[in-house]
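# An overview of the molecular structure
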Amino acid sequence: MEEAVTAGQLRERGNALFQAGDHAAALAAYTQALSLCDGEPERAVLHRNRAACYLKLEDYAKAEADASKAIEADGRDMKALFRRSQALQKLGRLDQAVSDLQRCVSLEPKNKAFQEALRALGSSMHEKMKTMSCTDSKVAQMFQILLDPEEKDADKKQKAAQNLIVLAREEAGAEKIFQSDGVRLLTQLLNTVKADLMLAALRTLVGLCSGHRSRTMAILAELGAPRLSAVLGVEHEQVSLAACNLLHVMFDSLKEGLQKDFRGKEDAVVLDSSKDLKLLIKHLLELLALEGASAHGRDNALNLLIKVVPRKSPKETNNSMSLWVIDQGLKKILEVGSTVCGTPGSLPVTENSRMSASVLLSKLYDDLKCDAERENFHHLCEDYVRSWFEGHELAGKLRAIQTVSCLLQGPLDAGNRVLELEGIMDSVLSLCASVCEAHQLVAVEALIHAADKAKRASFITANGVSLLKEIYKHSERDSIRIRALVGLCKLGSAGGTDFSMKQFAEGSTMKLAKQCRKWLCNETIDVGTRRWAVEGLAYLTFDADVKEEFVEDKAAMQAMFYLAKSEDRSVLYAVASTLVNCTNSYDHEEPDPQMLELAKYAKQHIPEQHPKDKPDFVKRRVRKLLTAGVVSALACMVKSENPALTNSCRELISRVFLALVEEAEDRGGVVAQGGGKALIPLSLEGTEVGQTKAAQALAKITITSNPEMAFPGERIYEVVRPLVSLLHLQRTGLENFEGLMALTNLAGISERLRQKILKEKAVPMIEGYMFEEHELIRLAATECMCNMAMSKEVQELFLAEDSDRLKLMVLYSGEEDERLRRAASGTLAMLTALHPAICKRIPQVTVHWLEILQALLLSPSTELQHRGAVVVMNMMAAEREVAEQLMASEMLEILSVLAKDKDKPRVAQAAKESLAQAVASGLIKPNPSQD
C-alpha cells in the first residue's frame with residue numbers, strides 16, 4: 001500500500017514538473033514511479049506520460065516505444081494513440097501514423113483536433129508520394145546526364161550535379177538515391193577522375209551518410225577505406241577538402257548511431273562500427289607518411305584525426321581510441337612533425353602541417369588518463385628521436401631536432417623530456433652556427449621553442465643569449481636574424497608585465513620591437529618569415545612602452561592583421577597574444593595591501609604596474625586598434641577551421657573581444673564589422689574561461705544595442721545559450737548581472753525567444769537571483785521575470801498553489817527601490833489582467849497586500865500609479881469578495897481622487913473603471929458629479 005502511494009505521489013510530481021516545462025525532471029519522476037508500480041493500468045498511464053515527455057525532448061523513438069506499451073494495456077487509449085502517431089510522423093513512418101490517427105477518429109469522431117491532424121497528415125502523404133514518384137525518374141536522369149561521355153553541355157551537367165547534392169540533403173531523397181543503386185553510380189563518378197564530377201559525388205555521399213549509420217557502413221563497404229584515403233590525398237585541393245568533409249560525416253555517423261534509420265516496427269539492429277572506425281583511422285595514419293600524398297591532403301588527414309580521435313569531454317571515460325592511435329600511429333605523426341623542408345626524401349607539407357602535427361600530439365597527450373599511459377607516450381617519442389639522432393649523420397640530427405621543436409610546440413612535457421636527451425641541446429647550439437641556412441633555421445627555431453620552457457631557460461640564458469646576439473648582429477640572412485631576434489625577445493620578456501623585472505638594458509627592448517615592426521611591414525619578405533616578427537611582438541608587448549609604440553604604428557598593425565588573414569594559420573596564437581597584451585585583457589588580480597606590506601618588510605620582490613598600463617592608456621590603445629581594423633582580423637581568425645585555432649587561442653580572442661566592447665560607444669562598430677557573429681562560436685566552444693568571456697561580450701552588446709539588428713535572422717536565437725551560461729553560480733556577480741540584463745532585452749522581443757530561454761532552463765536560475773542580496777542583480781532578475789511572464793508557461797508557475805512566486809512579486813511592489821517596484825508591479829498588472837485566479841490569490845499571499853497597493857497609487861511616480869491602478873482595476877473585475885475588501889478600505893477615497901486627475905489620463909481612466917465596476921457590483925452608489 002505504501003509503495004502504491006509513493007508511485008502516485010511521484011506521478012503527481014511528474015505532472016506538476018511537466019506543466020512547469022521541466023520535461024527532463026518529469027520524465028525522471030515518471031520513470032521512478034514505474035519502478036514502484038505493479039498495477040497494469042497505472043503503468044500504462046505512466047508510459048503514456050513518459051511518451052509525452054519524450055515528444056517534448058524530441059526523442060521520438062522512445063516516445064513511440066512508451067506509447068506502444070500504453071496501447072498494449074489499453075487499445076482504446078486515445079492519448080497514447082495520438083502521441084504514438086506524432087512520434088511516428090517525426091520518424092518518417094507516415095503510413096503507421098495515419099493508422100493510429102484513424103483509430104483515434106473512430107473512437108472519438110467529433111474530436112476536431114484528431115480530424116485536423118488526420119487531414120494534414122493525409123495531405124502530407126499525398127505530397128510525399130507525388131514527390132517520390134517524380135524523384136525516381138529524376139535520380140536516373142541526373143546520373144544519366146553526369147555519366148554520359150557524349151554530353152558536352154557543361155551547364156546541364158552542373159545543374160544535374162547540384163540537383164543531386166540538394167536531393168541528398170533530404171532524408172527521403174537520400175534514401176531514394178541509395179535504393180536506386182546510387183552508391184555504384186557515385187563510384188563511377190569518382191572513377192572519372194574529373195574534379196567537377198568527383199566533387200558532385202563526394203558532396204552527394206555526404207548527404208547519404210549524414211546521421212545514418214547503416215547507410216554509412218554500406219557505403220564504406222562499397223567504396224573501401226583505401227579508396228577514400230586515396231581521394232583525400234589527391235593534388236586537387238577542393239576534391240581533397242570534399243573528401244575530408246565526407247570522412248568527417250562518416251566518422252560522426254559511425255559514432256553517433258541510428259539517428260535517422262528507417263526500420264519499421266522492428267527493433268533497430270545494433271551495428272558494431274568500431275572496426276570501421278579503426279579501419280578509417282588506420283588509413284588516415286598511413287596517409288600521413290605516404291610520400292605520394294599531397295601536402296593539403298596530409299593537412300586534411302591531420303585535421304580529421306584532431307577532430308575525431310580524442311575525447312570531446314573529460315566526462316567520457318573511454319580513451320581507447322587515443323591509446324590505439326598512439327600505439328599504431330604516433331611515429332607516423334612525428335614523421336610529419338620532423339619533416340625538414342628542402343631535404344632529400346622529405347614529405348610534401350604546407351606551412352601549417354607541422355603546427356597541425358603539434359596540435360594533434362598535444363590533444364592525444366592530454367587525452368591520457370594515468371602516468372603509465374603518459375610514460376608510454378614519452379618512451380615512444382624518445383625512441384623516435386634517438387632513432388634519427390644516432391647513426392644518421394647530419395640529416396638524422398636535423399630530423400631529431402625538428403621533432404624536438406614539434407613536441408615543444410605541442411605536449412610540453414614530452415618536449416622537455418626529449419630536450420634532456422644526451423647530445424640534443426649541444427647539437428642545437430652547434431648547428432645554430434652552421435653556414436647552411438636550412439640547418440641553421442632548424443636549430444634556431446628549436447632554440448626559440450626551448451627558450452620559454454622553465455626547465456631549460458636558465459641553461460639557454462647562460463649559453464644561448466650570446467649566441468643569439470651574435471647571429472642577430474652578424475648573419476646576412478633576414479630569415480635567420482628574425483628568428484634569432486624572437487629568441488632574444490622571449491628571453492627578454494621573462495618578467496612579463498612586471499615593470500620592475502627587466503632582462504635587458506634600458507632601451508634594448510624598444511630596439512628589438514622597432515626591428516620586429518620593420519620586418520613585419522617589409523612585404524618583400526615571405527609571409528612565413530614575417531610571422532616570426534609577430535612572434536617577437538607577442539613577447540615584447542608585455543612592456544607597456546612597446547604597446548604604446550606599436551598602436552601608434554598603423555602600418556605595423558595592419559601588416560599584422562593581414563598576416564592574421566593569410567593562409568599561414570600558425571601565426572594566429574602570436575597575433576592573439578599580442579592583442580591581449582595591447583588591450584591588457586589578461587587576468588590580473590589586485591594585490592592584497594596587507595600582503596604588500598609583509599612583502600616589503602621581508603624585502604621580497606613586489607610586482608609593479610607600468611604607468612602606461614593604467615586604464616586611460618588602455619582605453620586609447622583599444623580605440624587605435626579599432627580604427628586600424630582589428631575586428632575584421634579577429635572575425636577572420638575565428639572562421640579558420642585550422643588546428644592552429646586551438647582552444648587556448650580562442651580564449652585569447654575572446655579576451656580581446658571583451659576588451660573591445662568594454663565601452664558602450666564602441667559596440668556598434670564591433671557588430672558592424674562582424675564581431676557579433678564571430679563571438680557566437682567563441683561562446684559555444686573552447687575553454688570555460690574563453691566561452692565565458694565571449695558570452696559576457698555578447699551580453700554587453702545585447703544590453704546596449706538592438707538585438708534584432710546586432711544578431712539578425714536566426715542568429716539571435718543562438719545568443720540565448722551563451723547568455724544563460726552567465727547565470728551559473730560559478731560566474732561572477734557582474735557576469736550574472738549582465739546576463740540577466742541581456743536576457744531581459746531578448747525576452748521582451750518575441751514569444752519564440754522566450755520559448756528558447758525556457759528551453760535552456762533559465763527560469764529557475766532567474767528566480768534564484770530574485771532573492772540575491774545585491775540590489776542590482778535582484779532588480780535585473782525581477783525585470784527579466786517581468787518580460788518572461790508574457791509566456792503562458794511562466795504564468796502557470798505563478799498560478800501554482802504551493803509557490804511563493806506571487807508573494808514575492810507583491811512584496812517587491814512595496815520595496816523602496818523604485819525600479820524594483822516598477823518591474824514587480826508591471827508583472828502583477830499583466831498577470832492580473834490575464835488570470836482572474838491571481839487576483840483572488842493576492843489577498844491570500846500577504847497581509848500587507850492592501851497597504852502595498854495603496855502605496856503604489858499614492859506614489860509620486862506616474863508609472864507606479866498607473867501599474868497599481870491597473871492591478872486594482874483587474875482585481876475589482878475578478879472577484880466580488882476581493883472588490884468588497886478594496887472598497888471597504890481607504891482605496892475608495894484614493895481612487896476617487898485619482899479619477900479626477902486630468903494631468904494623468906491613464907491613471908484616471910483605470911481609477912474610473914475600478915469605480916464603475918464597484919457601482920456595477922452594487923458596492924458603492926454612483927456619484928452624480930462624475931462623468
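Attention now goes to the environment of Ser294. Inspection of the secondary structure puts Ser294 in the loop between helix 15 (274–288) and helix 16 (295–308). When the C-alpha positions of Ser294 and Ala780 are compared, they lie 57 Å apart, and in sequence the two are 486 residues distant. Engagement of the side chain of Ser294 in a polar contact is seen with the backbone oxygen of Val234, the distance being 2.8 Å.

The next thing to look at is the nonpolar core. By size, the foremost hydrophobic cluster in this structure holds 266 residues, and its most contacted members are Leu520, Ile653, Phe657, Leu660, Met788 and Leu886. Formed by 15 residues, the second largest nonpolar core is a distinct cluster that contains Ala7, Ala26, Leu27 and Leu46.

The predicted model of the protein chain averages 84 in pLDDT, with 90% of residues at 70 or higher. Counted against residues more than four places away or in other chains, residues 257–270, with its pLDDT under 50, gives 26 contacts. Segment residues 495–503: pLDDT under 50, and 23 contacts once partners within four positions in sequence are set aside and those in other chains are kept.

Glancing now at the packing of aromatic side chains. According to the stated counting rule, one finds three aromatic pairs in the structure shown. Seen in terms of ring centroids, Phe82 and Phe114 are 5.4 Å apart; in terms of plane orientation they differ by 45°. Their pairing is tilted. Placement of Phe82 in helix 5 (residues 78–90) and of Phe114 in helix 7 (residues 112–147) is noted, with a sequence separation of 32 residues between them. Looking at Phe82, the relative accessible area reads 23%, which means it is partly exposed. Residue Phe114 is classed as buried on the basis of its relative accessible area of 7%. An angle of 75° between the planes, with centres 6.3 Å apart, marks the rings of Tyr472 and Trp519 as edge-to-face.

Let us look at the environment of Gln795. Mapped onto the elements, Gln795 comes out in helix 46 (residues 792–799). Using a relative accessible area of 7% as the deciding quantity, one classes Gln795 as buried. Excluding its chain neighbours within four sequence positions, the residues that come into contact with Gln795 are Ala789, Met790, Leu831, Leu834 and His835.

As a further point, take the packing of helix 19 (residues 371–389) against helix 20 (residues 393–409). Relative orientation of the contacting elements helix 19 and helix 20 amounts to 155°, with a least axis distance of 7 Å. Classed by the angle they form, the pair helix 19 and helix 20 counts as roughly antiparallel. Here Cys381, Tyr384, Val385, Trp388 and Phe389 of helix 19 come into contact with helix 20, specifically with Gly396, Lys397, Arg399, Ala400, Thr403 and Leu407. Class assignment for the residues of the contact of helix 19 with helix 20 results in seven nonpolar, two polar and two charged.

Rules of the game
Within each chain, residues carry numbers counting from 1 in the order of the written sequence. Since the coordinates come from a predicted model, pLDDT governs what is reported: local features require at least 70, and pairs of side-chain atoms require 80 or more to be given and counted, while whole-chain, interface and lining totals use all residues. To get the side-chain values, all heavy atoms of the structure are used, and hydrogens and water are removed first. Comment: elements are numbered from the N terminus, with helices defined as DSSP H or I runs of at least four residues and strands as E runs of at least two. Under this definition, polar contacts are N or O atom pairs within 3.5 Å; protein pairs additionally need one hydrogen-donor-capable and one acceptor-capable atom, and for neighbouring residues in sequence, both atoms have to be side-chain atoms. Side-chain atoms within 4.5 Å are what join buried Ala, Val, Leu, Ile, Met, Phe, Trp, Tyr and Cys residues into a set we call a nonpolar core. Partly exposed describes any residue whose relative accessible area lies between the buried limit of under 20% and the exposed limit of over 50%, with all areas from a 1.4 Å probe on protein chains only and scaled to the type maximum. For every residue, the predictor assigns a confidence score, pLDDT, that lies between 0 and 100. A contact between two residues is defined here by any heavy atoms of the two lying within 4.5 Å. Only rings of Phe, Tyr and Trp enter the pairing, Trp through its six-membered ring, and a pair is recorded when the two centres are within 6.5 Å. The plane angle decides the type: under 30 degrees is stacked, over 60 is edge-to-face, the rest tilted. For helices, the fitted line uses only the C-alpha atoms of the stretch in contact; every axis is such a line through C-alpha atoms, and the angle between N-to-C directions lies from 0 to 180 degrees. In what follows, roughly perpendicular refers to angles from 65 to 115 degrees, roughly parallel to angles under 35, roughly antiparallel to angles over 145, and oblique to any angle outside these ranges. Lys, Arg, Asp and Glu make up the charged group, whereas Ala, Val, Leu, Ile, Met, Phe, Trp, Tyr, Cys and Pro make up the nonpolar group; the residues left over, Gly among them, are polar.

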